[in-house]
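Commentary on secondary and tertiary structure
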Amino acid sequence: MPRPTAAQLAYGSCTVLFSTLAMLLLSQTSSGVGIAVIAVSALMLGLLVAMTVPMPKRTRVVAVRKPAAAEQEKAEEPALSQS
């Protein structure tokens, strides 16, 4: 399972924070059970939002090694042209 990106963490955290605040203000609940239900539902909503944020495409980086002879020629060229 890939690690979450910074965008996923930010969107999920903001969703949990703001949805919890909104649900608590709108429901005006004061019971422990009501607060627990709101907290769990906000966490589920935050998880859903975080998982639906598109993941960045993985780019494949391929290192290309030059032959040693070509590297030596390139290193010698500037020295010859300066003389």
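Given the structure is predicted, the values throughout are model-derived calculations rather than measurements.

1. Thoughts on the overall build of the protein
- Scanning the protein from N- to C-terminus turns up three helices and zero strands.
- When the helices and strands of the protein are listed from N to C terminus, the series reads α-α-α.
- Taking all 83 residues of the protein together, 14% fall into the buried category.
- By sequence separation, contacts in the protein at least 24 residues apart represent 64% of the contacts at least 6 residues apart.
- About 7300 Å² of surface is accessible on the protein, with carbon and sulfur atoms providing 67% of the total.

2. Things to note about a nonpolar patch on the surface
- Among the surface-exposed residues, L17, F18, L21 and L25 lie close enough to one another that they form a single nonpolar patch of about 450 Å² accessible area.
- The exposure class assigned to L17 is exposed, which follows from its relative accessible area of 54%.

3. Quick notes on helix 2 (residues 32-52)
- For helix 2, spanning 21 residues, the distance from its first C-alpha to its last is 30 Å, which sits close to the expected 30 Å at 1.5 Å a residue.
- Burial in helix 2 covers these residues: G34, I38, A42, G46 and A50. Viewed end-on, helix 2 has its buried residues packed into an arc of 135 degrees, placing them on one side of the element. In helix 2, the exposed positions that point more than 90 degrees away from the buried face belong to V33, V37, L43, M44, L48, M51 and T52.
- Elements in contact with the buried residues of helix 2: helix 1 (6-27).

4. Brief notes about helix 1
- The first and last C-alpha atoms of helix 1 sit 31 Å apart over 22 residues, in line with the 32 Å expected at 1.5 Å per residue.
- Every buried residue of helix 1 is listed here: Q8, G12, T15, S19 and T20. Here the buried residues of helix 1 occupy an arc of 120 degrees about the axis, which is enough to place them on one side. Of the exposed residues in helix 1, those oriented more than 90 degrees away from the buried face are A6, L17, F18 and L25.
- Where helix 1 is buried, its residues contact helix 2.

5. Brief notes about the packing of helix 1 against helix 2
- Closest axis-to-axis distance for the helix 1/helix 2 pair is 8 Å, and the angle between their directions is 150 degrees. Considering the angle they form, helix 1 stands roughly antiparallel to helix 2. The two elements helix 1 and helix 2 meet at a crossing, and its hand is right-handed. Across the interface between the two elements, Q8, Y11, G12, T15, V16, S19, T20, M23, L24 and S27 from helix 1 touch I35, I38, S41, A42, L43, L45, G46, V49 and A50 from helix 2.

6. A short note on the environment of T29
- Within the element layout of this structure, T29 appears in the loop between helix 1 and helix 2.
- In contact with T29, not counting residues within four places along its chain, are L24, G34, I35 and I38.

Analysis parameters
- Residues numbered from 1 in each chain as written.
- Predicted model: local features only at pLDDT ≥ 70, side-chain atom pairs only at ≥ 80, totals over all residues.
- Heavy atoms only, no water.
- Helix = DSSP H or I, 4+ residues; strand = E, 2+ residues; numbered from the N terminus.
- Buried < 20%, exposed > 50% of the residue type's maximum accessible area, 1.4 Å probe, protein only.
- Contact = heavy atoms within 4.5 Å.
- Areas by Shrake-Rupley, 256 points an atom, 1.4 Å probe, with all protein chains shown as cover.
- Patch = residues over 30% accessible without salt bridge, like charges linked within 9 Å, V, L, I, M, F, W, Y side chains within 5 Å.
- Salt bridge = Lys/Arg side-chain N within 4 Å of Asp/Glu carboxyl O.
- Expected span 1.5 Å × (residues − 1).
- Arc of directions from axis to C-beta.
- Axes fitted to C-alpha atoms, helices over the stretch in contact; angles between N-to-C directions.
- Parallel < 35°, antiparallel > 145°, perpendicular 65-115°, else oblique.
- Left-handed = near helix turned anticlockwise from the far one by under 90°.

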